[in-house]
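Inside the fold
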Amino acid sequence: SGEQLPAALFEKAKKDGFADKYLAKLLQKPESEIRERRKKMGLEEAWEPVPVSGVEDAAYYYSSYNCKDLVARDKSKKIMVLGGGPNRIGQGIEFDYCCVHAAFSIREAGYSSIMVNCNPETVSTDYDTSDKLYFEPLTVEDVLSIYQKEKPEGVICQFGGQTPLNIAAELEANGVKIIGTSPETIDLAEDRDRFRVIMEKLNIPQPPSGMASTEKEALAIAERIGYPLMVRPSYVLGGRGMRIVQDEDMLRQYVKAAAEDVSPDRPLLIDKFLVDAIEAEADAICDGRDAFVPTVMQHIEYAGIHSGDSACVIPPVGINEQQIETIEEYTRRIAIEMKVVGLMNIQYAIYKGEVFILEANPRASRTVPLVSKVCNIPMAKIATQIMLGKKLSDFNLKKPVFSHFGVKEAVLPFNMFPDVDPVLGPEMRSTGEVLGMADSFGMAFFKSQEATKLVLPVKGNVLITIADRDKDRIVEVAKSFVEMGFGIVATTGTKAFLAEHGVPSEGVLKVHEGRPNIVDKLKNGEINLVINTPAGKQSDHDDSYIRKNAIKNGLLYITTTAAAKAATEGIKERLHGNYSVKSLQDYHKEISF
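Quick look at the structure, then. Keep in mind that what you see is a predicted model, and the values were worked out from it rather than measured.

Turning our attention to the nonpolar core. Counting 72 residues, the largest nonpolar core has Phe159, Ile285, Phe445, Phe481 and Ile531 as the members making the most contacts within it. Ignoring anything within four residues of it in the chain, the contact list for Phe445 reads Ile300, Ala311, Val407, Glu409, Leu456, Ala563, Ala566 and Ala567. Membership of the second largest hydrophobic core comes to 29 residues, among which are Leu202, Met338, Ile346 and Val355.

Shown next as structure tokens:
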């Protein structure tokens, strides 16, 4: 146990780099007990300045248990900002944007800014972004040590994504003043049962849902709400472990695989999956009593694709005005009811014409930089000033009116992982995102694809091979390609289906059917675009080789019919010669409020 561990060995472990949390796990003790013992022994973190190369009198700070503290503490009023840590799937550079603007805003308000982050690839860890940079991991041990040394007025944890949010409650329990949205509200949004009660009180529709910490509980919820289900663990990055579950066998397999990470404190979240719903989301700036929603974003892919992987468009192109107003009204009501201070992101699904809430995140989302750039509203800056005491009414914010479109597209890393099936789903896989802006949706989509380095072709052949469930949606897409002069290449089933609907196509064999086949055509450069929706359980043959070979041969591949439709609009605009380049500032000049 922690007490039985000899003092000399405990001290050696700390000096050799063993974190409190890791020691707690090894010794099966609460981390707080390890921390108390460490403090009693006089073992405290100390910091050394690391000089910034080529810059005079500039340094960042790095901790150790093996040195004297060489970093002086000044008595100025300070605010600490917690970053997102290393870039990884679900925790990307988009959150760093908010941290940087928070640091700038803190300075403008007359405070010193302290940044805690450990990612050398970000702007927040540039030496001149904040007054002090502690290059440290986002753990309770490290943040608490810095807090107790610097004694800031408060800590902002809602700009760094899920990573700092996961430690917010424990920091607060140890005396850290969290400014902005409270950890209690953060937990409330994650607790599906408590959140559902609030939605019922506000009369906001929500897909039937439940929380389960055992297989028996999960099966009971499934029986109550029916399949298909969206199942995920709680408190995770980028929808890690999220799955669409079609039947009882899949649910049993999922619970069995997830058993190690599931507990009453961290249950499985189970929701009814709304098939073919249109997803939308809204970011809001809130002061606890009022909320402002600059715009609504529409996802291009249907529900079931993680919001970080789905392309999205501002303003919406497939949602009517009444639905947009409903989303804005629901967002305001939720933010006020939950007393959110700072930023909030809420995701919705429009199913059979009705708006349902999917989830609320009382923090900055990865879409904040996009909304800020498209609408010319510095959301992170305003939210920071609100957290420091200003009111929303001080800013006189009005909804922007503009005629341009912004399309966000995800940048996916599949070219680095040739054996991974590049199909999109509820678990996030993208490592970044790009923004295309233009005066039409089609051209903005075209530019967004171009920015990912996989350009939409303007001539050639399109391979179309579609799962049976998607065939009805592909006819319009195929006809558009033919009208634009493309040749259609299709596998047997898709070819027959297209012929029934008057769309001519050239047949091609699948790999198991003989040669020359799809792979041969891809290798020979006879295909310029691949549209392939996964067959999944419906098929006796794995079709992932189509998508993998598209990547291997540097071809743009599309795995949803919604994205395929957007692609036809983009190509059409490009063929009409409507490609123009305009600066962000020029777009902003055309916005009225």
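Attention now goes to the pairing of strand 15 (residues 341-351). Across the 11 residues that make up strand 15, a large majority, 10, are buried. Relative to strand 15, strand 11 (residues 278-287) runs antiparallel, the two sharing 10 bridges. Across the sheet, Ala280 pairs through a bridge with Tyr348, a residue of strand 15. Inspection of the sheet shows strand 15 paired to strand 16 (residues 354-361) by 7 bridges, in the antiparallel sense. Note that in strand 16 the partner of Ile350 across the bridge is Val355.

On to the sheet that holds strand 10 (residues 268-272). Here we have 4 strands laid out as an open sheet, ordered 7-10-8-9, and antiparallel in their pairing. Of all the strands in the sheet, the pair left with one neighbour each is strand 7 (209-212) and strand 9 (243-245). Taken over all neighbouring pairs, the strand axes of this sheet differ in orientation by 25° on average, direction set aside. The pairing of strand 7 with strand 10 spans 4 bridges and is antiparallel. Bridge pairing in strand 10 links Ser209 to Asp271. Docked against the sheet, helix 8 (residues 192-201) engages strand 7, strand 8 (229-233) and strand 10, running at close to 160° with respect to strand 7.

Attention shifts here to the packing of helix 15 (residues 471-483) against helix 16 (residues 492-500). Running from amino to carboxyl end, helix 15 crosses helix 16 at an angle of 65°, the nearest separation of the two axes being 10 Å. As far as their axial angle goes, helix 16 and helix 15 are roughly perpendicular. Between helix 15 and helix 16 the crossing geometry is right-handed. Contact with helix 15, carried on its side by Lys471, Asp472, Ile474, Val475 and Ala478, involves Gly493, Thr494, Phe497 and Leu498 of helix 16 and no other residues of that element. Class assignment for the residues of the contact of helix 15 with helix 16 results in 5 nonpolar, 2 polar and 2 charged.

With that settled, the discussion passes to a nonpolar patch on the surface. On the surface, a nonpolar cluster with roughly 290 Å² of combined accessible area is contributed by Phe18, Tyr22 and Leu26. Relative to the elements of secondary structure, Leu26 occurs in helix 2 (residues 20-27).

Strand order across the open sheet formed by 5 strands is 21-20-19-22-23, with parallel pairing between neighbours. The open sheet is flanked by strand 21 (506-507) and strand 23 (557-558), the only strands paired with a single partner. Looking at chain direction, strand 22 (residues 529-532) and strand 23 are connected through 2 bridges and run parallel. Bridge assignment links Val530 to a residue of strand 23, and that residue is Tyr557.

Below, the discussion takes up the side chain of Lys408. Mapping Lys408 onto the fold places it in strand 17 (residues 405-411). For Lys408, the side chain forms a polar contact with the main-chain oxygen of Ser310, separated by 2.9 Å. Aside from chain neighbours lying at most four places away, what touches Lys408 is Ser307, Gly308, Ser310, Ala311, Cys312, Leu370, Glu433, Val434 and Leu435.

With that settled, consider helix 13 (residues 379-387). With respect to burial, helix 13 is a largely interior element, 8 of its 9 residues being buried. Buried residues of helix 13: Met379, Ala380, Ile382, Ala383, Thr384, Gln385, Ile386 and Met387, and no others. Note on helix 13: the residue one or two positions beyond its end, Gly389, has a positive phi of about 125°.

The next thing to look at is the pairing of strand 19 (residues 461-465). Within strand 19, 4 of the 5 residues are buried, which leaves the element mostly enclosed by the surrounding structure. Both strand 19 and strand 20 (residues 487-490) contribute to a ladder of 4 bridges, which runs parallel. Paired with Leu463 across the two strands is Val489, which belongs to strand 20.

Time to look at the pattern of salt bridges. Tallied over the entire structure, the rule returns 35 salt bridges. Between Arg332 and Glu329 there is a salt bridge whose closest N-O contact spans 3.5 Å. With Arg332 and Glu329 both in helix 11 (residues 321-337) and 3 residues apart, this pair spans about one turn of that helix. Overall, Glu329 belongs to the partly exposed group, its relative accessible area being 33%. Lys521 serves as the salt-bridge partner of Glu526, at 2.9 Å between the closest nitrogen and oxygen. One salt-bridge network, in which partners are shared between bridges, spans Lys14, Asp20, Arg38, Glu44 and Glu141.

Each value, and the rule that gives it
- Residues numbered from 1 in each chain as written.
- Predicted model: local features only at pLDDT ≥ 70, side-chain atom pairs only at ≥ 80, totals over all residues.
- Heavy atoms only, no water.
- Core = buried A, V, L, I, M, F, W, Y, C linked by side-chain atoms within 4.5 Å.
- Buried < 20%, exposed > 50% of the residue type's maximum accessible area, 1.4 Å probe, protein only.
- Contact = heavy atoms within 4.5 Å.
- Helix = DSSP H or I, 4+ residues; strand = E, 2+ residues; numbered from the N terminus.
- Pairing = 2+ DSSP bridges.
- Axes fitted to C-alpha atoms, helices over the stretch in contact; angles between N-to-C directions.
- Parallel < 35°, antiparallel > 145°, perpendicular 65-115°, else oblique.
- Left-handed = near helix turned anticlockwise from the far one by under 90°.
- Nonpolar A, V, L, I, M, F, W, Y, C, P; charged D, E, K, R; others polar.
- Patch = residues over 30% accessible without salt bridge, like charges linked within 9 Å, V, L, I, M, F, W, Y side chains within 5 Å.
- Areas by Shrake-Rupley, 256 points an atom, 1.4 Å probe, with all protein chains shown as cover.
- Salt bridge = Lys/Arg side-chain N within 4 Å of Asp/Glu carboxyl O.
- Polar contact = N/O pair within 3.5 Å; in protein donor to acceptor, adjacent residues only side chain to side chain.

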